[in-house]
Amino acid sequence: MSDTRSTVLRFRSETPAAEGPVTLGQDNVLRCLRNEQPSRERNEPSSLNKQATWTVPEHADTAGCLDALRTLAERHAALRTVFPGAGGDRLPETQHQLQEGEFAVTLIELDPDEDAAARAEAFCWDARCHPFDLTADFPLRLALLTRDGRPVLLGVVVSHAQLDGVATGLLFKEWTTLASGGELPPPAGPTPIEVAEQERSASGRRRGRAALRHWERILAEEPSAVFADDRVHSADNLLHTLAIRTPSGAAALERAVRRTNSSKSAVLTACYAALAAHRAARSTVVMAALSANRHRAVLAEHVGTLAQDALLVLDTDCPDLDTLIGRTQAQALSGYWHATFETEQLWKILDDSSLRRGARFVRDVVLNDVSGTVPEEIAALRPGPTTDPDLTWYPTEPLPTRLMINIWRTSGCLEISLHAHPDVLDREETEHFARALLRLIDLAGQRNVTLGPDGELAALSQLPVGRREKGRWQQVGSNWVDLDAVADRLRTVLAVKDVEVTWENDELTATVREGCTLTPTEAHTAVVDALSWRDTLMVPQRYVLPNGTGTGRD
């Protein structure tokens, strides 16, 4: 049994205490955290607070590792930030930057044959099952694992209210330097309070308004859900997780970048979108790219949480992969530019769009590219995979999406992970998706790949294609809708027995002849309110009811 104890580190920064407004990214995460209920009893970790395992640099000792953590706390305001008033019904409007404080580090002496990575994973998983007290807690939960007195791994759990994935990578880089006995220049990025002040400037507000217009257009015109077919019906949010590590994949990606004269991110995103579109049996993929405002140079070194998505619309209806890669680069620039906004206003746009359109936006496809956060010399310290490609399964996790790719590393060894909902890809199909992605990248480094109905993806991927055969499927604008499923939902929400849902005169119409006392407006509001963020349904565009006929959108 591992010997475990705790040590407390005190810190004091040269920067005095300060108070200021929350940033847009902090506000976004604080809103999302209110809807989370992690539980140790149910063994359910937070899906927002993340975990990482940091490799201890060679020749570092325990004292040096702990001193490096203390220095990080003194360097970075985000690690000294708390939110007065968090945890209640009202959202915090201010952040408080402490000058001094303390935090604990769990010290775990491993047994001779104990797996360090598994022990760190167990610590982090358990720590994520317990919410942070945002009014007081240090935003990192830490466990330093030692063997024979020598540190080997640092398990890290991160409070997303203060830090995002890129910031965590920057901290890892700095901690490695400090634990190795090196020195650091002064922090280059702005503090969270400085970011908040910029966001509230005239230029920051203009950028925010442009971002909201970008989202509003997409929500009004593009598919509300990417995956809408006979298989997609579960409201469960548990996704299985597959990690892929492949040195040959990194070499293939380098060749694809040279041949197409594009970025690694564009190649990976285009290949991912092409396969997602193939599985969805549709050409347009609406994709959320996490922490997208990191692509602004002024925020690249910011240690904090930006945590705002870019919304990309990738049209895969093109003759070949090279064309799609070019489109992806252009769409990414537009999406990343429009990725800073007031979350409360965006949520209002989401609600208003749902009411007008009759469908909720489903965040079906997600991209999280953090490959630029850890220098290759540090990433290379991790032992290489024993097989190529190495595919490893991890426990299922609750995530608010149906398909997600994390890009962890692209040089030397391509390291990615896939999260997939069983309605979209079962475990075997997820492996097919992973291998197809690698094959597509490899081909992109050799030649162009034909897309379209007569293209190469079907034979290449061995993936299922979305089928719409079991219900009465109808394309309504850019959405695919099962009319039978709409009728079933109306019977439940309106508490009636007989509902007829038809597609007439380019309009989705619901007819209820008896038993409903609501007006069209009341009925429409009730049905939209009953839609969850995982629904692929679209509610009627016209209601024919005993108490009147109309769109319900008045």
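See above for the structure.
These remarks concern the structure in this document. (Residues numbered from 1 in each chain as written. Predicted model: local features only at pLDDT ≥ 70, side-chain atom pairs only at ≥ 80, totals over all residues. Heavy atoms only, no water.)

### A look at the sheet that holds strand 12 (residues 365-369)
Within a sheet, adjacent strands bond to each other through the backbone by hydrogen bonds, running parallel or antiparallel. With mixed pairing, seven strands are arranged side by side in an open sheet as 11-10-12-14-15-9-13. For this open sheet the edge positions go to strand 11 (310-315) and strand 13 (390-398), each flanked by a neighbour on one side alone. Geometrically, the sheet is characterised by an average inter-axis angle of 20° between neighbouring strands, direction not taken into account. Across seven bridges, strand 9 (residues 238-246) lies against strand 13 in antiparallel orientation. The residue bridging arginine 245 from the neighbouring strand is aspartate 390, located in strand 13. Packed on one face of the sheet, helix 12 (residues 427-444) meets strand 9, strand 13, strand 14 (403-409) and strand 15 (414-420) and runs near 35° to strand 9. (Pairing = 2+ DSSP bridges. Helix = DSSP H or I, 4+ residues; strand = E, 2+ residues; numbered from the N terminus. Axes fitted to C-alpha atoms, helices over the stretch in contact; angles between N-to-C directions. Contact = heavy atoms within 4.5 Å.)

### Describing helix 12
Given a rise of 1.5 Å per residue, 18 residues ought to cover 26 Å, and the 26 Å separating the end C-alpha atoms of helix 12 matches this to within 8%. All buried positions along helix 12 are accounted for by Glu429, Thr430, Phe433, Ala434, Ala436, Leu437, Leu438, Leu440, Ile441, Leu443 and Ala444. (Expected span 1.5 Å × (residues − 1). Buried < 20%, exposed > 50% of the residue type's maximum accessible area, 1.4 Å probe, protein only.)

### As for the sheet that holds strand 19 (residues 507-511)
Taken in spatial order, the four strands of this open sheet run 18-19-20-21, and their pairing is mixed. The sheet is open, and its two edges are formed by strand 18 (500-504) and strand 21 (548-550), each paired on a single side. On average, adjacent strands in this sheet sit at an angle of 20° to one another, irrespective of strand direction. Contacting strand 18, strand 19 and strand 20 (542-545), helix 14 (residues 483-494) crosses the sheet at an angle of about 140° to strand 18. Lying on the sheet, helix 15 (residues 520-529) is in contact with strand 20 and strand 21; it crosses strand 20 at an angle near 120°.

### As for the pairing of strand 14
Across the seven residues that make up strand 14, a large majority, six, are buried. In this sheet, strand 14 lies alongside strand 12 in parallel orientation, the contact comprising five bridges. Within the sheet, the bridge partner assigned to valine 365 lies in strand 14 and is leucine 403. Counting the residues that bridge the hairpin from strand 14 to strand 15 gives four residues, and of these glycine 412 lies at a positive phi of roughly 80°.

### What to know about the pattern of salt bridges
According to the stated counting rule, one finds 33 salt bridges in the structure shown. The residue arginine 356 makes a salt bridge to glutamate 216 at a minimum N-O spacing of 4.0 Å. Of the two residues, arginine 356 is situated in helix 10 (residues 343-357) and glutamate 216 in helix 6 (residues 202-221); the sequence distance between them amounts to 140 residues. Classification of glutamate 216 as partly exposed rests on a relative accessible area of 36%. (Salt bridge = Lys/Arg side-chain N within 4 Å of Asp/Glu carboxyl O.)

### Considering empty space enclosed by the protein
Across all of its chains, the model carries two cavities of 30 Å³ or more by this definition. Approximately 60 Å³ is the volume found for the largest cavity. Lining the largest cavity are Ile218, Leu219, Glu222, Pro223, Ser224, Leu350, Ser353, Ser354, Arg357, Ala359, Arg360 and Phe361. Those elements that provide at least two residues to the lining of the largest cavity are helix 6 and helix 10. With four residues, the single largest contributor to the lining of the largest cavity is helix 10. Of the residues assigned to the lining of the largest cavity, the class counts are six nonpolar, three polar and three charged. Taken as a whole, the second largest cavity encloses approximately 50 Å³ of empty space. Lining the second largest cavity are Ser224, Ala225, Ala228, Ala359, Arg360, Asn479, Trp480, Asp535, Thr536 and Leu537. (1 Å grid on protein atoms, 1.4 Å probe; cavity = no way out; pocket = protein on both sides within 12 Å on 5 of 7 lines; lining within 4 Å. Points joined across faces, edges and corners; volume = space filled by probe spheres on them. Nonpolar A, V, L, I, M, F, W, Y, C, P; charged D, E, K, R; others polar.)

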